[in-house]
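Summary of structural features
If you want the building blocks of each chain, they are given just below.
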Amino acid sequence: MDRWEGTKIAAGIGLACAVMGGAGWFSARVMAPDYPKARGYAVAGIPPVDLASVQRDWPVGGSKMEQAELIGYIHEIDKAVVPVSTEPEVAREAPVDLGTLLASADPEKGRRTAQVCMACHDLSQNGPNRIGPNLWGVVGRPVGSHPGFAYSPALKGVGGQWTYQELDHFLTSPGRAVPGTKMTFSGIRNPRERAQVIAFLASNGASKPPFPAPQPAATEAPPATKIAAAP
Ligand code: HEC
């Protein structure tokens, strides 16, 4: 290929581009397309979606790391099926205190329920942080303290340690117990099941803090309700 051949090819490509561009410009004059100003397909009675609000609800922002986390989260959450409760509902009639529930809680049942936690948490010793922090030895651990995990400011602000009572409160409804937490899990409403999971968490650590003492069973007229009772 002599040196002119290259120049000719370049000139040919340049000319082709110029012709296409010119033709586009010319036809736009001739056809004068008139694009609608509003979005199409308005359906009567249905308000348009506020896209800004949809984006505001999106759980995490745009960095590469968070995108990967989000994709992992979506995959995991597909697998996270909350098991159907087989435990009798105890919350309604007589509230049983946590100490009593823990004393009779079966950690093995708790382990099964905690499968749903494992979608986001690793529970092994020296295990990694995942979507949520590693939960080895979480009972008695300072809240929001696992190294290397980026906690939400909300959880960081809680302070103190994960006592049995705090865990019970948190796991009932994380979003209500700690508004603004990153733990997007609706909670375990059944107190017996919750106690089982907490008993399992307690067994999953180097040292197991002693369970709170069971309260004596409520008599017919417990003093607490006497005070609260209407005359
Ligand atoms: C959808 C994912 C997800 C599921 C499912 C989930 N968690 Fe979490 N969890 C998180 C995230 C994220 C955090 C960090 C919260 C924050 O920083 O606000 C967290 C935090 C926690 C903490 C606080 C840990 C610390 O170091 O302070 C505990 C305890 C906990 N989860 C227990 C559980 C248990 C028990 C279950 C199952 C019943 C569960 N989680 C299910 C994502 C999840």
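Figured I'd write up the structure that's included with this text.

Calculation notes
Residues numbered from 1 in each chain as written. Predicted model: local features only at pLDDT ≥ 70, side-chain atom pairs only at ≥ 80, totals over all residues. Heavy atoms only, no water. Helix = DSSP H or I, 4+ residues; strand = E, 2+ residues; numbered from the N terminus. Buried < 20%, exposed > 50% of the residue type's maximum accessible area, 1.4 Å probe, protein only. Polar contact = N/O pair within 3.5 Å; in protein donor to acceptor, adjacent residues only side chain to side chain. Near = heavy atom within 4 Å. Nonpolar A, V, L, I, M, F, W, Y, C, P; charged D, E, K, R; others polar. Patch = residues over 30% accessible without salt bridge, like charges linked within 9 Å, V, L, I, M, F, W, Y side chains within 5 Å. Areas by Shrake-Rupley, 256 points an atom, 1.4 Å probe, with all protein chains shown as cover. Salt bridge = Lys/Arg side-chain N within 4 Å of Asp/Glu carboxyl O. Phe/Tyr/Trp six-rings, centres within 6.5 Å; stacked < 30°, edge-to-face > 60°.

**A closer look at the side chain of Asn190**
- Summarising the element assignment, Asn190 is placed in the loop between helix H8 (174-177) and helix H9 (191-203).
- A relative accessible area of 6% places Asn190 in the buried class.
- A distance of 2.9 Å separates a polar side-chain atom of Asn190 from the backbone nitrogen of Arg192.

**Brief notes about the site of the ligand**
- Taken together, 29 residues lie near the ligand, and Cys117, Cys120, His121, Ser152 and Met183 sit nearest.
- Residue Trp162 places a side-chain N or O atom 2.7 Å away from an oxygen atom belonging to the ligand.
- Those elements that provide at least two residues to the shell around the ligand are helix H3 (64-79) and helix H7 (164-172).
- No other element matches the 3 residues that H7 contributes to the shell around the ligand.
- Its residues assigned to classes, the shell around the ligand comprises 21 nonpolar, 6 polar and 2 charged.

**What about a nonpolar patch on the surface?**
- Side chains of Trp25, Phe26, Val30 and Met31 sit close together on the surface and give an oily, nonpolar patch of about 530 Å² of accessible area.
- Note on placement: Val30 falls in helix H1 (residues 3-31).

**As for the packing of aromatic side chains**
- Scanning the entire structure with this criterion turns up 3 aromatic pairs.
- An angle of 70 degrees between the planes, with centres 4.9 Å apart, marks the rings of Phe149 and Tyr151 as edge-to-face.
- By relative accessible area, Tyr151 is classed as buried at 13%.
- Between Trp162 and Phe170 the ring centres are 5.0 Å apart and the planes differ by 45 degrees, which places this aromatic pair in the tilted class.
- Assessed through its relative accessible area of 8%, Trp162 is described here as buried.

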